[in-house]
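Residue-level structural notes
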Amino acid sequence: GVPMVFDGNGLLWVPTTRDRDTQSFLDVFRGSEFLHSVRVRDRLLAFDIVGTRLAALVERQAPGEDGVRPVAIDWYDISTR
């Protein structure tokens, strides 16, 4: 699975396995307290947090002409999370 990541504020970001075909979710914790979930487009393969940006490596839901689902990196601003 995709590993958990701590951000610069000490929050723990944990990828979940729900609804992974069209979107993915990361649950955010402070210690053992659940704070909220963050949704990203498509199937999450890996992620990292760089400052106030979430970089998500995802597999798109629609296959390309060759029948292979393309892979992309999506960036999200998480400064207000």
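The following paragraphs examine the structure supplied in this document.

Rules used in this analysis
Residues numbered from 1 in each chain as written. Predicted model: local features only at pLDDT ≥ 70, side-chain atom pairs only at ≥ 80, totals over all residues. Heavy atoms only, no water. Pairing = 2+ DSSP bridges. Helix = DSSP H or I, 4+ residues; strand = E, 2+ residues; numbered from the N terminus. Axes fitted to C-alpha atoms, helices over the stretch in contact; angles between N-to-C directions. Core = buried A, V, L, I, M, F, W, Y, C linked by side-chain atoms within 4.5 Å. Buried < 20%, exposed > 50% of the residue type's maximum accessible area, 1.4 Å probe, protein only. Contact = heavy atoms within 4.5 Å. Salt bridge = Lys/Arg side-chain N within 4 Å of Asp/Glu carboxyl O.

Strand order in the open sheet formed by 3 strands is β5-β6-β7, with antiparallel pairing between adjacent strands. Edge positions in the sheet fall to β5 (43-50) and β7 (71-77), since each of these pairs with one other strand and no more. Sheet twist, expressed as the mean angle between neighbouring strand axes with direction ignored, is 20°. Two elements, β5 and strand β6 (residues 53-59), share 7 bridges in a ladder whose sense is antiparallel. Of the residues in β6, the one forming a bridge with R43 is E59.

We now examine the nonpolar core. With 14 residues, the main nonpolar core has W13, L26, L44, F47, I49 and L54 as its most contacted residues. Where this core is concerned, the elements lending two or more residues are β3 (23-30), β4 (33-41), β5 and β6. Those residues within four positions of L54 in sequence are excluded, and the remaining contacts are L26, V40, F47, D48, I49, D74, W75, Y76 and I78.

It is worth spelling out the pattern of salt bridges at this point. In this structure the tally under the stated criterion is 5 salt bridges. The partner of D42 in a salt bridge is R41, and the shortest N-O contact between them spans 3.9 Å. The exposure class of D42 is buried, given its relative accessible area of 3%.

Further remarks concern the environment of H36. Within the secondary structure, H36 is located in strand β4. By relative accessible area, H36 is classed as partly exposed at 23%. Put simply, H36 and L26 are 10 residues apart on the chain and 8.5 Å apart in space, counted from C-alpha to C-alpha.

The next subject is the pairing of β3. Most of β3 is tucked away: 6 of the 8 residues are buried. Bridge analysis of strand β2 (residues 12-15) against β3 gives 4 bridges, and the strand direction is antiparallel. Paired with V14 across the strands is D27, a residue of β3. Two strands pair when backbone bridges link them, and β3 and β4 are joined in this way by 8 bridges, in the antiparallel orientation. Residue pairing for β4: F25 is matched across the bridge by R39. Turn length for the β3-β4 hairpin, with the two strands adjacent in sequence and antiparallel, is 2 residues, and the turn residue G31 shows positive phi of about 65°.

Bear in mind that shape data such as this cannot, by itself, settle questions of function.
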